[in-house]
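For reference, the chains in residue letters:
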Amino acid sequence: MRILLLNPNASPSITDLVAREAAKLARPGTELVPVTGAFGGRYIASRATFAVAGHAALDAWARHADRIDGVLLACFGDPGLAAIKELSPVPVVGLVEASLAATVGRRFSIVTGGALWEAMLRESVTLAGAAGALASIRTVAPTGADIARDPEGSLDLLARACAACATEDGAETVILGGAGLAGLAPRLRPRVPVPLIDGLEAGMAAIQDALVRPRPSAAGAPGIDSVGLSPALAARLAAR
């Protein structure tokens, strides 16, 4: 099975990081197809870069849609997820979506890098219908891009934030989110007194499970004329 590992951050180094960690989680017979967003912010850390990333994610999917069996949107925040699901005939999973599914029945917190993510993630949790179980969202000052460049320098900050979610906020589990934080969860778990869910781990489990389950055919969206889009994306929108 071929999984499109779609990083809408316009940063090949982040794609490489996510691909290395995702490969450790791939089951036998799974092939990963890592793809980087062709335009937009180097790292998504604001509403503006998030909005552009949704377009970049949709465009990247359109260029590869004929050669894949599933899609993992490898950005914590899931930009463009609903749009890709609307058009895709194969399963599509986002990291926030998968992480929230892994917390069902437990009060949870989220820890990530970049202060502007707090409000954005609260909205995502509310839209997912999980706000009632949210204990807190804690961000650390370094963005995910900063953390990816210097993971050692951010471990203590992340560990303290994750532990505080449990000891001060009442979380029964903590989600560690962010493409730039991929691979750090195993090093943080011994320092967190409750289960720590890694967004990439949850996403890889969810998309691989989805590929072995029967899936009804997608109804698709009506054909739409467009202007100024890439040929691949324009063709996908026009298809009936």
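Residues numbered from 1 in each chain as written. Predicted model: local features only at pLDDT ≥ 70, side-chain atom pairs only at ≥ 80, totals over all residues. Heavy atoms only, no water.

Observations concerning the sheet that holds strand β1 (residues 2–7)
Piece 1. An order of β2-β1-β3-β4 is seen for the 4 strands of this open sheet, with the pairing classed as parallel. Of all strands in the sheet, those bounded by a partner on one side alone are β2 (31–36) and β4 (92–94). For this sheet, the mean angle separating the axes of adjacent strands, direction not counted, is 20 degrees.
Piece 2. Packed onto the sheet, helix α1 (residues 12–25) meets β1 and β2 and runs at close to 165 degrees relative to β2.
Piece 3. Here helix α2 (residues 47–64) sits on the sheet and contacts β1, β2 and β3 (70–73); the angle it forms with β1, its principal contact strand, is near 155 degrees. (Pairing = 2+ DSSP bridges. Helix = DSSP H or I, 4+ residues; strand = E, 2+ residues; numbered from the N terminus. Axes fitted to C-alpha atoms, helices over the stretch in contact; angles between N-to-C directions. Contact = heavy atoms within 4.5 Å.)

Topic: the nonpolar core
Piece 1. In this structure, V18, L72, F108 and I110 are the most contacted members of the largest nonpolar core, which totals 39 residues.
Piece 2. Elements supplying a minimum of two residues to this core: β1, α1, α4 (95–101), β5 (108–113), α5 (117–127), β6 (134–140) and α9 (199–211).
Piece 3. Sequence-distant contacts of V18, that is, excluding residues within four places in its chain, are made with L5, A74, A179, A182 and L200. (Core = buried A, V, L, I, M, F, W, Y, C linked by side-chain atoms within 4.5 Å. Buried < 20%, exposed > 50% of the residue type's maximum accessible area, 1.4 Å probe, protein only.)

Considering α2
Piece 1. An ideal rise of 1.5 Å per residue puts 26 Å on 18 residues; α2 measures up with 26 Å between its terminal C-alpha atoms.
Piece 2. Looking at the buried residues of α2, the elements they touch are β1, β2, β3, α3 (81–87) and α10 (231–238). (Expected span 1.5 Å × (residues − 1).)

Things to note about the environment of G54
Piece 1. Turning to its location among the elements, G54 is positioned in helix α2.
Piece 2. Once the C-alpha coordinates of G54 and A98 are considered, the two residues, 44 residues apart in sequence, prove to be 18 Å apart.
Piece 3. Residue contacts for G54: discarding those within four places in its chain leaves P79 and G80.

Comments concerning the pairing of strand β7 (residues 173–176)
Piece 1. Here β7 shows no split at all, with T173 and I175 on one side and V174 and L176 on the other all buried.
Piece 2. Two strands pair when backbone bridges link them, and β5 and β7 are joined in this way by 4 bridges, in the parallel orientation. Bridge pairing links V111 to L176 in β7.

A closer look at the packing of aromatic side chains
Piece 1. The final tally for this structure, using the stated rule, is 1 aromatic pair.
Piece 2. With a centroid separation of 6.0 Å and 85 degrees between ring planes, the pair formed by F50 and W117 is classed as edge-to-face. Here the residue F50 occupies a position in helix α2, and W117 occupies one in helix α5, the gap between them amounting to 67 residues.
Piece 3. The class of W117 is buried, set by a relative accessible area of 5%.
Piece 4. The cationic tip of R236 hangs over the ring face of W61; the distance from NZ or CZ to the ring centre is 5.6 Å. (Phe/Tyr/Trp six-rings, centres within 6.5 Å; stacked < 30°, edge-to-face > 60°. Lys NZ or Arg CZ within 6 Å of the ring centre and 35° of its normal.)

Some remarks on α5
Piece 1. Listing the buried residues of α5 in full gives W117, M120, L121, S124 and V125. Angular distribution of buried residues about the axis of α5 spans 135 degrees; they occupy a single face of the element. Pointing more than 90 degrees away from the buried face of α5 are the exposed residues T126 and L127.
Piece 2. Buried residues along α5 sit against α2, α4, β5 and β6.
Piece 3. Looking one or two places after α5, you find G129, whose phi comes out positive at around 80 degrees. (Arc of directions from axis to C-beta.)

Details of the pattern of salt bridges
Piece 1. With the rule as written, the count across this model stands at 14 salt bridges.
Piece 2. Between D169 and R138 there is a salt bridge; the shortest N-O distance is 2.7 Å. In this pair, D169 sits in the loop between α7 (151–167) and β7 while R138 sits in strand β6, placing the two residues 31 residues apart along the sequence.
Piece 3. Judged by relative accessible area, D169 falls into the partly exposed class, the value being 21%.
Piece 4. Its salt-bridge partner being D146, residue R149 comes within 2.5 Å of it at the nearest N-O pair. With R149 and D146 both in helix α6 (residues 144–149) and 3 residues apart, this pair spans about one turn of that helix.
Piece 5. Given the relative accessible area of 30%, D146 is considered partly exposed.
Piece 6. Among the charged side chains, a network of salt bridges with common partners joins R138, E168 and D169. (Salt bridge = Lys/Arg side-chain N within 4 Å of Asp/Glu carboxyl O.)

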